[in-house]
4 protein chains.
Amino acid sequence: MLISDLRSDTVTRPTPEMLEVMFSAPVGDDVFGEDPTVNALEEKAANLFNLEAGLFCPSGTMTNQIAIKAHTEPLSEVICDYTSHIYQYEGGGIAANSGASVYLLHGERGKITPAMVRSGIRPNNIHYPLSKLVTLENTSNKGGGSFYTLPEIAAIAEVCRENNLAFHLDGARVFNALVAANEQPQPYGQFFDSISVCLSKGLGTPVGSVLLGNKAFIQKARRIRKVFGGGMRQAGYLAAAGIYALDNHVNRLVEDHNKAKILAETLQNCSYVQNIQPVDTNIIIFKLTDQITENQFLQKLAAQNVLALDFGPQSIRLVTHLDFTDAMLEHTVQVLRHLDFNN
Amino acid sequence: MLISDLRSDTVTRPTPEMLEVMFSAPVGDDVFGEDPTVNALEEKAANLFNLEAGLFCPSGTMTNQIAIKAHTEPLSEVICDYTSHIYQYEGGGIAANSGASVYLLHGERGKITPAMVRSGIRPNNIHYPLSKLVTLENTSNKGGGSFYTLPEIAAIAEVCRENNLAFHLDGARVFNALVAANEQPQPYGQFFDSISVCLSKGLGTPVGSVLLGNKAFIQKARRIRKVFGGGMRQAGYLAAAGIYALDNHVNRLVEDHNKAKILAETLQNCSYVQNIQPVDTNIIIFKLTDQITENQFLQKLAAQNVLALDFGPQSIRLVTHLDFTDAMLEHTVQVLRHLDFNN
Amino acid sequence: MLISDLRSDTVTRPTPEMLEVMFSAPVGDDVFGEDPTVNALEEKAANLFNLEAGLFCPSGTMTNQIAIKAHTEPLSEVICDYTSHIYQYEGGGIAANSGASVYLLHGERGKITPAMVRSGIRPNNIHYPLSKLVTLENTSNKGGGSFYTLPEIAAIAEVCRENNLAFHLDGARVFNALVAANEQPQPYGQFFDSISVCLSKGLGTPVGSVLLGNKAFIQKARRIRKVFGGGMRQAGYLAAAGIYALDNHVNRLVEDHNKAKILAETLQNCSYVQNIQPVDTNIIIFKLTDQITENQFLQKLAAQNVLALDFGPQSIRLVTHLDFTDAMLEHTVQVLRHLDFNN
Amino acid sequence: MLISDLRSDTVTRPTPEMLEVMFSAPVGDDVFGEDPTVNALEEKAANLFNLEAGLFCPSGTMTNQIAIKAHTEPLSEVICDYTSHIYQYEGGGIAANSGASVYLLHGERGKITPAMVRSGIRPNNIHYPLSKLVTLENTSNKGGGSFYTLPEIAAIAEVCRENNLAFHLDGARVFNALVAANEQPQPYGQFFDSISVCLSKGLGTPVGSVLLGNKAFIQKARRIRKVFGGGMRQAGYLAAAGIYALDNHVNRLVEDHNKAKILAETLQNCSYVQNIQPVDTNIIIFKLTDQITENQFLQKLAAQNVLALDFGPQSIRLVTHLDFTDAMLEHTVQVLRHLDFNN
Ligand SMILES: [Ca+2]
Ligand SMILES: [Ca+2]
Ligand SMILES: [Ca+2]
Ligand SMILES: [Ca+2]
Ligand SMILES: [Ca+2]
Ligand SMILES: [Ca+2]
């Protein structure tokens, strides 16, 4: 029996076709700038989002942390939702790596508004840090896969521009957002100063994210990547997977979204479910009734080869992805329907 | 006409008696540990709060920032109310000086509870920073001078102890709290790992705060003070004022509290006031009705020799203190009563 | 014509056999601790050097920078030779990542002695940083591939132990050292608190280094790796190359050393050479006579398909490695012999 | 018997005249920018050195550390002599406060040359930190009071300008340099981007240094001072001493220099002296013969009411100053002449 691993879309493994492409990729020493496959990926991703240049990094945490360090200076502050991955799940890196303070907004399902951003901008007074950077996360992980539309992004970009604030996108699942909004990546380049595009989640590659921005920004980012130790030598094997994924694994994300909706509908009728957050993309977050602990639930589920994630008090997260097949969906639906907590 | 300066209790100037003591203090080179007056102040303050040792510093921001740096390590997080001076008004120093992240609680008028502190402790997981330090501010400045009682402090100290968290008090106005609660400083030493005691606010000295803790902590703090550049040479002149203030200016704080209550009662009947926060000590925070801007109000007031502080949208703060005399109170009450915004 | 790339041993690319192993490696999500190949590499490397645990990272710069951050605390100082890679070539990371000061020793060809280390230990006085960490680089890159013997290492370890200093090895080319000294890796574990072992230089893998230490240290290192963004998902493809390299590419380093000696002997008789540093392993550093600039030399060489590195004023570095074949050696010797700077 | 305290010129205490001026000074809350005496001192010092603005701070360590932080950004490097106070005696603050790396030059008695500075500038390459700042110390403490002349300063300033490097002066004893060189402070403003002027050493004030620079720099410095906790409230009492010192204690430094020369001549003939560094200003550094330890010497001296400083292996430092009177000089000369280590 195959395991339905719904803990995260990071668990995706390369398809045979992707693997084939990876290990026939031409490579070189990227620290000398000579890996042709890395260069091709960086260029391809930059073109896609209409930004000048790209930088391939070992993780989305690194692309985010580099962006934060590049956009800030000592005594700066970053404005973001309090649920943001950069604040919640990157080990305190905003402060640890950049010495930057945070102004935490309280958005709706992880999504912030222009008015919220305005309220987070500090007056020009030496008692306060310098407001320097605004970040969005699209889709929002803790928001349960909620997404921004282009007009929403444009309105926040406007506030940033007016107030001379840099604007960064944590695009850990940006293609899920684009597919769900039925939008293209091209316009993003005019709104964001930098974008972190993750390749190893829904897109299915084994390792890596690309940071995008203008040339001067990417030059600075390259320097910070070196200091973090993120410069890899013959990284073309990994980059090749990214190129393949951008060509082949974007449009199919709609299937993951459909599967997520089916799972949510299934849960709607389960007695152990207290409530479910709206499902917009590939993430389902729901609350268990008070009689059941997260651990009990996860163990019962795992006993039937379905894995999910503890997501805080009474909360469970499921994430659909490339490796969650139709057969697995059918199996999971059956399992969820018949889970019994009465014995 | 004398000016009633209610912008802050930091504006206090030494009385003639205090100045006399300062002028005649014996001094030495404190970097060599040889200033007898500094040593006497540090010992006196430590004894008062039943902690082992003290360190005289140029400001309360420095005593707080040193404590945060001494209690944390890289990748740490500080748990505190979002209104805290250490987070709001120290230039982003938690991140800038210590590289520490913040977990911001939303207390009632700046006061947090044991349950809130518990909710802010991160699970042991590399995605999160290390929860290391809890801080209180007593009284709370942005909370409008609200104060903690000893049992409230003891309950939070218990959570800290159970979870191996350091516990620091920002005592910018700790004597206002003690006087209002009718408590003594002695018991504080068993609850807090460190205390910052400010001397230049309600106590009326020109410069300085004392950081208190055990000997090892103060040794570490001394090293951090050196790196921040807070080591002063013949600082005994300033320390002498502190000794005088501890002996002479603590009990009289009750007068400031009484004056604050009279001002609040006066404002209660003023048509330009939307609402007033409860007044527990020497701080009054109130909101203006929507027809009047903070600037209009402050200018009208200043024109009659009363100074107050803009404290955010529609908000005004008044702080009573040693240099705000009975005559000034009478004058201010008259001014507040007769302010007219209809022409 | 194949290019003889002697700029660095980082340019090595996987052999077909290594690529085969990579391609068929079992993988999982290493951030969940579930990549079996990564786990196997970490365990294998730890066993080899007789330390408890390992951590696979994207680069040797990251393993070094993590070790420095894990061994130090704020206000610390690192004692190392001024030629060290950690100081010279990691972008100022000692200060930028760890806020640590450096005490720079002036060793002989990059090699320091117990007496030098002793001279670098600061007195216990708040004017000085806290001496916390000593690092060696074995072999020494800027020292031209010089290496330490075990007794030399043991003597420095003794000074560290006496003075409560952590002891880290930058083992970018540690196997070159071991092969040249005819020593085994096992004893290293008793002398060093941590070791960075690079796999992508002489060992020929595309990406990665392993950091070794005791369990508590590696746990701390894992946390720091997360904050730097060095956690990779399905990293087993890269780790598989490391396992293969440790099994198959260590003993053959002697060939690289022999080739380096032949190149050095060739250069000895070339009129454009001012002097050559002793050649102990796979690095050759020599000075050009004053008539010739580095650029002129490198261009003439490149025109004949031999690449070398500018290594400072009048200095050139050559590094032999896995991909520098016998045929390339023969070609390079001919080219070096017949270079003519008189027209 | 009065004690001749030659350990440092920091031990100076205010004269009765200075004390009189201090305690009659008008003061205000400097954090509000309202202390007239602080403002007057900042302006006076800025005018003196022909720079736009000044910032009064609790110590010379703080003025230096603020300047370093203001002139650098993350991943920067500071170029300075390895004997510099900023590197040797400020607790590792360059790294700890600014995350900046150091390029350490090896000057002659603490004095560096334009060629040395040039050699310390890093190539534009991501492996290196960004060269951002050059600092001089004038006079040089560890150099035994050696001083730079204006043409020497101008030549280094030229290198800085050509290479877009900021240029900071640690003027802990800048007036000793000016008096010895028979120069005026005015021209300094055109060469340095920032100057730290210490008031509490030879000038005899109890506390404080002034940082000078252009307006934008001082605005940035004010923000950093806040974050370090260096903002003081009614600091005018201390600033008044600075104004008095600039008016009355500069020209008399020549007396300290003369006394230093007399002490050096005395030591020249003492059998326990191995050698003496040249004496240019108010510092005398000499080596004891190998038979005598520093401790033995210092204790014998102290027994006769003369205090000196252990300055490293076999080394002793004496510093003359305002509080070292003619009578003390006579006494000290007698003591030095008759010290006997043969029993
Ligand atoms: Ca994946
Ligand atoms: Ca005051
Ligand atoms: Ca306002
Ligand atoms: Ca390689
Ligand atoms: Ca060169
Ligand atoms: Ca003094």
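An unreviewed UniProt entry lists chain A under the name Aminotransferase class I/II-fold pyridoxal phosphate-dependent enzyme, from Adhaeribacter radiodurans. Of the comments in the UniProt record for chain A, the one headed Cofactor (unreviewed entry) reads "pyridoxal 5'-phosphate".

Asks: An account of the packing of aromatic side chains is needed here, citing residue identities and associated values.
Replies: On inspection of all chains with the given rule, the structure shows 44 aromatic pairs over all chains. Centre to centre, the rings of F228 of chain A and F228 of chain C are 5.6 Å apart; their planes meet at 10°, and the pair counts as stacked. Of the two residues, F228 of chain A sits in helix α10 (residues 215–228) while F228 of chain C sits in helix α10 (residues 215–228), which places them in two different chains. Of the two residues, F228 of chain A and F228 of chain C, both sit in the buried class.

Asks: Which residues make up the state of the cysteines, and what values go with them?
Replies: All names here are of chain B. Counted under the stated rule, the structure contains zero disulfides over all chains. Not part of a disulfide, C198 finds its nearest cysteine sulfur in C57, a span of 11 Å. On the basis of relative accessible area, C198 is assigned to the buried category, the value being 5%.

Asks: Could you give me a rundown of the interface of chain C and chain A, with the residues and numbers involved?
Replies: The interface of chain C with chain A comprises 42 residues on the first partner and 43 residues on the second. Around 3,300 Å² of area is buried between chain C and chain A when both sides are counted, 60% of it from carbon and sulfur atoms. Applying the counting criterion to the chain C and chain A interface returns two salt bridges. Counting the contacts that link chain C with chain A gives 20 residue pairs in polar contact (both at pLDDT 80 or more). Contributing elements (two or more residues each) for the side of chain C that touches chain A: α1 (16–23), α3 (60–71), α5 (93–98), α10 and α11 (236–248) of chain C. Looking at the side of chain C that touches chain A residue by residue, the classes come out as 20 nonpolar, 15 polar and seven charged.

Asks: I'd like a description of the relation of the copies chain C and chain D, backed by residues and values.
Replies: Between the two copies, chain C and chain D, the superposition gives an RMSD of 0.1 Å; the rotation angle is 180° and the shift along the axis is 0.1 Å. Taken together, the turn and the small shift mark the pair as related by a two-fold rotation axis.

Asks: Before we move on, could you go through the coordination of the calcium ion (ligand 5) and cite the residues and values that matter?
Replies: Residue and element names in this part refer to chain C. Coordination of the calcium ion (ligand 5) by the protein involves E294 (OE), D310 (OD) and D310 (OD), with metal-donor separations of 2.1 to 3.0 Å. Of this pair, E294 sits in helix α13 (residues 294–303) while D310 sits in strand β12 (residues 309–310), and the two are 16 residues apart along the sequence. Taking the relative accessible area as the measure of exposure, E294 reaches 15% and is therefore buried.

Asks: Residues and numbers for the pattern of salt bridges, please.
Replies: The final tally for this structure, using the stated rule, is 56 salt bridges over all chains. Taking the shortest distance from any N to any O, the salt bridge between R7 of chain B and D5 of chain B comes out at 2.8 Å. Given the relative accessible area of 11%, R7 of chain B is considered buried. A salt bridge links E73 of chain B to K132 of chain B; its shortest N-O distance comes to 3.5 Å. With a gap of 59 residues between them, E73 of chain B in the loop between α3 (60–71) and β3 (76–81) and K132 of chain B in strand β5 (residues 130–137) connect regions that are remote in the sequence. Given a relative accessible area of 30%, E73 of chain B falls into the partly exposed group. Here the salt bridges share partners, and the residues they tie into one network are D5 and R7 of chain A together with E34 of chain C.

Asks: Residues and numbers for the interface of chain C and chain D, please.
Replies: With 22 residues of chain C at the interface, the matching set in chain D holds 22 residues. Contact between chain C and chain D buries roughly 1,600 Å² in total, counting both sides, with carbon and sulfur atoms accounting for 54%. The interface formed by chain C and chain D contains zero salt bridges. Elements supplying a minimum of two residues to the side of chain C that touches chain D: α4 (85–88), α5 and β4 (101–105) of chain C. No other element matches the four residues that β4 of chain C contributes to the side of chain C that touches chain D. Split into classes, the residues belonging to the side of chain C that touches chain D amount to 12 nonpolar, seven polar and three charged.

Asks: I'd like a rundown of the relation of the copies chain C and chain A, residues and numbers included.
Replies: Superposition of the two copies of the chain requires a rotation about an axis together with a shift along that axis. Taken as rigid bodies, chain C and chain A are interconverted by a rotation of 180° and an axial shift of 0.0 Å, the fit giving an RMSD of 0.1 Å. Both copies present the same face, since 100% of the interface residues in chain C are matched by interface residues at the equivalent positions in chain A.

Asks: Lay out the coordination of the calcium ion (ligand 4) in plain terms, naming residues and giving numbers.
Replies: Distances from the calcium ion (ligand 4) to its protein donors, namely Q234 of chain A (OE1), T10 of chain C (O), T12 of chain C (O), T12 of chain C (OG1), S200 of chain C (O) and T205 of chain C (O), fall within the range 2.6 to 3.0 Å. Between the six donor atoms coordinating the calcium ion (ligand 4), the angles at the centre fall across 69 to 160°, so the site counts as irregular. Here T205 of chain C lies in the loop between β7 (194–198) and β8 (209–213) and T10 of chain C lies in the loop between β1 (4–5) and α1, a separation of 195 residues in the sequence. Assessed through its relative accessible area of 0%, T205 of chain C is described here as buried.

Asks: Got a sec to walk through the nonpolar core? Specific residues and values, please.
Replies: In this structure, F56, F175 and Y188 of chain B together with F56, F175 and Y188 of chain D are the most contacted members of the largest nonpolar core, which totals 105 residues. Ranked by size, the runner-up nonpolar core spans 104 residues in total, among them L150, F191, L212 and A241 of chain C.

Asks: Please provide a residue-by-residue account of the environment of R223 of chain B, values included.
Replies: Mapped onto the elements of the fold, R223 of chain B is located in helix α10 (residues 215–228). The buried category is assigned to R223 of chain B, whose relative accessible area is 9%. With 157 residues separating them in the primary sequence, R223 of chain B and I66 of chain B have C-alpha atoms 9.3 Å apart. Here R223 of chain B is in contact with L75, N124, N125, I126, Y128, P129 and L130 of chain C, once residues within four sequence places are set aside.

Asks: So what about the packing of helix α8 (residues 174–181) of chain D against helix α12 (residues 253–268) of chain D? Which residues, and what values?
Replies: All names here are of chain D. Closest axis-to-axis distance for the α8/α12 pair is 9 Å, and the angle between their directions is 80°. The pairing of α8 with α12 is recorded here as roughly perpendicular in orientation. Contacts between α8 and α12 involve F175, N176, V179 and A180 from the first element and L253, V254 and H257 from the second.

Asks: Can you explain the domain arrangement of chain A? Please cite residues and give values.
Replies: All names here are of chain A. Assigned domains within chain A: domain 1 (4–8 + 252–338) and domain 2 (11–248). Of note, the centres of domain 1 and domain 2, computed from C-alpha atoms alone, are 28 Å apart. Taken together, the contact pairs 19 residues of domain 1 with 22 residues of domain 2. Note on domain 1 versus domain 2: buried area summed over both sides is about 1,700 Å², and carbon and sulfur give 57% of it. The largest share of the area that domain 1 buries against domain 2 comes from L253, D280 and L322, three residues that together contribute 28% of it.

Rules used in this analysis
- Residues numbered from 1 in each chain as written.
- Chains lettered and ligands numbered in written order.
- Predicted model: local features only at pLDDT ≥ 70, side-chain atom pairs only at ≥ 80, totals over all residues.
- Heavy atoms only, no water.
- UniProt positions renumbered as here; feature names shortened; annotations may be inferred.
- Phe/Tyr/Trp six-rings, centres within 6.5 Å; stacked < 30°, edge-to-face > 60°.
- Helix = DSSP H or I, 4+ residues; strand = E, 2+ residues; numbered from the N terminus.
- Buried < 20%, exposed > 50% of the residue type's maximum accessible area, 1.4 Å probe, protein only.
- Disulfide = S-S within 2.5 Å.
- Contact = heavy atoms within 4.5 Å.
- Buried area = accessible area lost by both parts, 1.4 Å probe.
- Salt bridge = Lys/Arg side-chain N within 4 Å of Asp/Glu carboxyl O.
- Polar contact = N/O pair within 3.5 Å; in protein donor to acceptor, adjacent residues only side chain to side chain.
- Nonpolar A, V, L, I, M, F, W, Y, C, P; charged D, E, K, R; others polar.
- Least-squares fit on C-alpha atoms with pLDDT ≥ 70 in both.
- Donors = N, O, S within 2.8 Å, 3.2 Å for Na, K, Ca; no water.
- Tetrahedral: all angles 85-135°; square planar, octahedral: opposite > 155°, others 65-115°.
- Core = buried A, V, L, I, M, F, W, Y, C linked by side-chain atoms within 4.5 Å.
- Axes fitted to C-alpha atoms, helices over the stretch in contact; angles between N-to-C directions.
- Parallel < 35°, antiparallel > 145°, perpendicular 65-115°, else oblique.
- Domains from an automatic or database assignment.

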